[in-house]
Amino acid sequence: MLNLIHNSESDAAHQPGKEPVRRLMFASRSRVTEAVFTTMLGTRADAMRHNLADNVYVALLIQSGWFMEWIEGPETGVQALLTRVLADFRHHSAHVLHESDGARRLTEPWSMAMVQTHESEADFGNRVLALHEEHCQGHRHEPTAVWRRLSTPQTHPGAADQAIEWNFQRVMVVAALGTDAFNMVRWLGETHAADVVHRRFVGSSEQYGDVATDYVDLPTGIVVRRVIAMSQNGLKIGLTRAFMSDYSHVIVLLSGIPGRDHSLLERLLSACAELTHRPTLVGVGPTADHHVSLRQLARSHDQVYVDCEIPDETGSEARWAAAQRVLDQELTGSEMGTVRVA
Ligand SMILES: Cc1cc2nc3c(=O)[nH]c(=O)nc-3n(C[C@H](O)[C@H](O)[C@H](O)COP(=O)(O)O)c2cc1C
């Protein structure tokens, strides 16, 4: 049942210049048993009509036979959407997980993610109930934290730590060429015997199709390090952008081809443009000359760029070794600068 409990937080005060909006999240059980991603993709056109008109932004999660919807917008628009969506026969048993007034985090009218996991509907349901209980008791968790806690499969090494925000170091890996970022996360999973979680994302625009993102959680002894492989098109999706400020670093796997590397950096800078906290960009690639113009470009957008020079080396192991030093430096508090690997 949907239990609307008003528990307004006003963290807009912490985000100067941003008007607070109503933010509401609910989870519901899906009645769609087959091709759920494709079926729900069919609601994108409705959402682009309704959500856009009401200035309401939505992110939909599909996981273990459940939906979770994260809604942000003016009160009237959010209520109108809820009334329409809750009457939809494709789901039932909605539980509110978050309700507050605060800054918008979503950047487009509609986006959707599906997390592929072996967790059962019942186990996922128990986690929904636990989050609903916390909400009813007045616990304050940001929408991003609620999203992460529910979408991290229970069996995953990082799951138990999800409630403690500062226990995580989140690192994105994006490559200028091919599937290098995904190869690195797969290699990390293999070498640490850790499960790789696969997700599919899709945004408002039909132009970019759906994109995959994979992640792996690695213990460092100090924090859990979540390493997330992202495709270049993934950077354009509202859901990805909503989480952008939570990344401490973005590892940029350079190609050595100036045009490609510049265009990737420009995409990243655009994805970070509105953020008050911006991740450090860690450029992993060939020669010092190549890094100079990239560093200048980053600087012109007030973004920190750290060079990791690795001549003639494109394997995941060498690239990760170079980037890892920068990530470790942050954890141990030492100086950042140019990192050279002989
Ligand atoms: C879990 C779930 C989430 C949905 N999210 C949205 C949404 O964000 N925006 C939207 O317009 N419709 C959404 N829909 C579809 C609506 O329920 C409804 O079918 C659609 O808005 C068409 O309404 P109309 O025929 O009155 O125009 C969602 C449906 C489900 C089951």
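Residues numbered from 1 in each chain as written. Predicted model: local features only at pLDDT ≥ 70, side-chain atom pairs only at ≥ 80, totals over all residues. Heavy atoms only, no water.

Draft legend 1. Summary view of the layout of surface pockets. By volume, the second largest pocket is sized at about 350 Å³. Around the second largest pocket, the lining comprises 19 residues; the ones closest to its centre are Met-40, Thr-43, Glu-69, Val-85 and Asp-88. Tallying contributions element by element places helix α2 (residues 44-54) first for the lining of the second largest pocket, with four residues. Of the residues in the lining of the second largest pocket, the class split is nine nonpolar, five polar and five charged. (1 Å grid on protein atoms, 1.4 Å probe; cavity = no way out; pocket = protein on both sides within 12 Å on 5 of 7 lines; lining within 4 Å. Points joined across faces, edges and corners; volume = space filled by probe spheres on them. Helix = DSSP H or I, 4+ residues; strand = E, 2+ residues; numbered from the N terminus. Nonpolar A, V, L, I, M, F, W, Y, C, P; charged D, E, K, R; others polar.)

Draft legend 2. Highlighting helix α4 (residues 121-136). For α4, built from 16 residues, the straight-helix expectation of 22 Å at 1.5 Å per residue is met to within 8% by its first-to-last C-alpha distance of 22 Å. Among the residues of α4, those classed as buried are Phe-124, Gly-125, Arg-127, Val-128, Leu-131, His-132 and His-135. One side of α4 carries all its buried residues, which in axial view fall inside an arc of 160 degrees. Lining the buried residues of α4 we find β1 (21-30), β2 (57-63), β3 (66-73), β4 (91-102) and α5 (143-151). The first or second residue beyond α4 is Gly-138, which carries a positive phi of 90 degrees. (Expected span 1.5 Å × (residues − 1). Buried < 20%, exposed > 50% of the residue type's maximum accessible area, 1.4 Å probe, protein only. Arc of directions from axis to C-beta. Contact = heavy atoms within 4.5 Å.)

Draft legend 3. Structural detail: the side chain of Asp-214. Relative to the helices and strands, Asp-214 resides in strand β8 (residues 210-219). Arg-199 provides the closest opposite charge to the buried, salt-bridge-free Asp-214, at an N-O distance of 6.9 Å. With residues up to four places along the chain from it excluded, the contact list for Asp-214 reads Phe-182, Val-185, Val-196, Val-197, His-198, Arg-199, Val-227, Ile-228 and Ala-229. (Lys, Arg positive; Asp, Glu negative; His and termini not counted. Salt bridge = Lys/Arg side-chain N within 4 Å of Asp/Glu carboxyl O.)

Draft legend 4. Region of the structure containing the pairing of β1. Summarising burial for β1: nine of the 10 residues are buried, a large majority. As paired strands, β1 and β4 are joined by nine bridges and run antiparallel to one another. In the strand pairing of β4, Phe-26 is matched with Val-96. Relative to β3, β1 runs antiparallel, the two sharing eight bridges. Looking at the pairing, Arg-23 lines up with Glu-72 of β3. (Pairing = 2+ DSSP bridges.)

Draft legend 5. Examining the site of the ligand more closely. The local shell around the ligand holds 16 residues, among which His-50, Asn-51, Glu-69, Arg-84 and Asp-88 are the closest. In the model, an oxygen atom of the ligand is placed 2.7 Å from a nitrogen or oxygen of the His-50 side chain. Within the side chain of Arg-90, an N or O atom sits 3.3 Å from an oxygen atom of the ligand. In the complex, 82% of the free accessible area of the ligand, which totals 620 Å², lies under the protein chains. Comparing atom positions with the cavity grids shows the ligand to sit within the second largest pocket. When contributions to the shell around the ligand are tallied by element, the ones reaching two or more residues are α2, β2, β3 and α3 (75-86). For the shell around the ligand, the element with the highest residue contribution is α2, accounting for five residues. A breakdown of the residues in the shell around the ligand according to their chemical character gives seven nonpolar, three polar and six charged. (Near = heavy atom within 4 Å. Polar contact = N/O pair within 3.5 Å; in protein donor to acceptor, adjacent residues only side chain to side chain. Areas by Shrake-Rupley, 256 points an atom, 1.4 Å probe, with all protein chains shown as cover. Sits in = over half its atoms within 2 Å of the grid points.)

Draft legend 6. Expanded view of the packing of α4 against α5. At a minimum axis separation of 10 Å, α4 and α5 run at an interaxial angle of 155 degrees. Judged by the angle between their axes, α4 and α5 are roughly antiparallel. Between α4 and α5 lies a crossing whose hand is right-handed. Contacts from Phe-124, Arg-127, Val-128, Leu-131 and Glu-134 in α4 reach Val-146, Arg-149 and Leu-150 in α5. Taken together, the residues of the contact of α4 with α5 sort by class into five nonpolar, no polar and three charged. (Axes fitted to C-alpha atoms, helices over the stretch in contact; angles between N-to-C directions. Parallel < 35°, antiparallel > 145°, perpendicular 65-115°, else oblique. Left-handed = near helix turned anticlockwise from the far one by under 90°.)

Draft legend 7. Looking closely at the packing of helix α6 (residues 180-191) against helix α10 (residues 316-332). Running from N to C, α6 and α10 point in directions that differ by 85 degrees, and their axes come no closer than 10 Å. Between α6 and α10, the crossing angle belongs to the class labelled roughly perpendicular. From α6, Asp-180, Asn-183, Met-184, Trp-187 and Leu-188 reach across to α10, where they touch Ser-316, Glu-317, Arg-319 and Trp-320. Looking at the contact of α6 with α10 residue by residue, the class counts come to four nonpolar, two polar and three charged.

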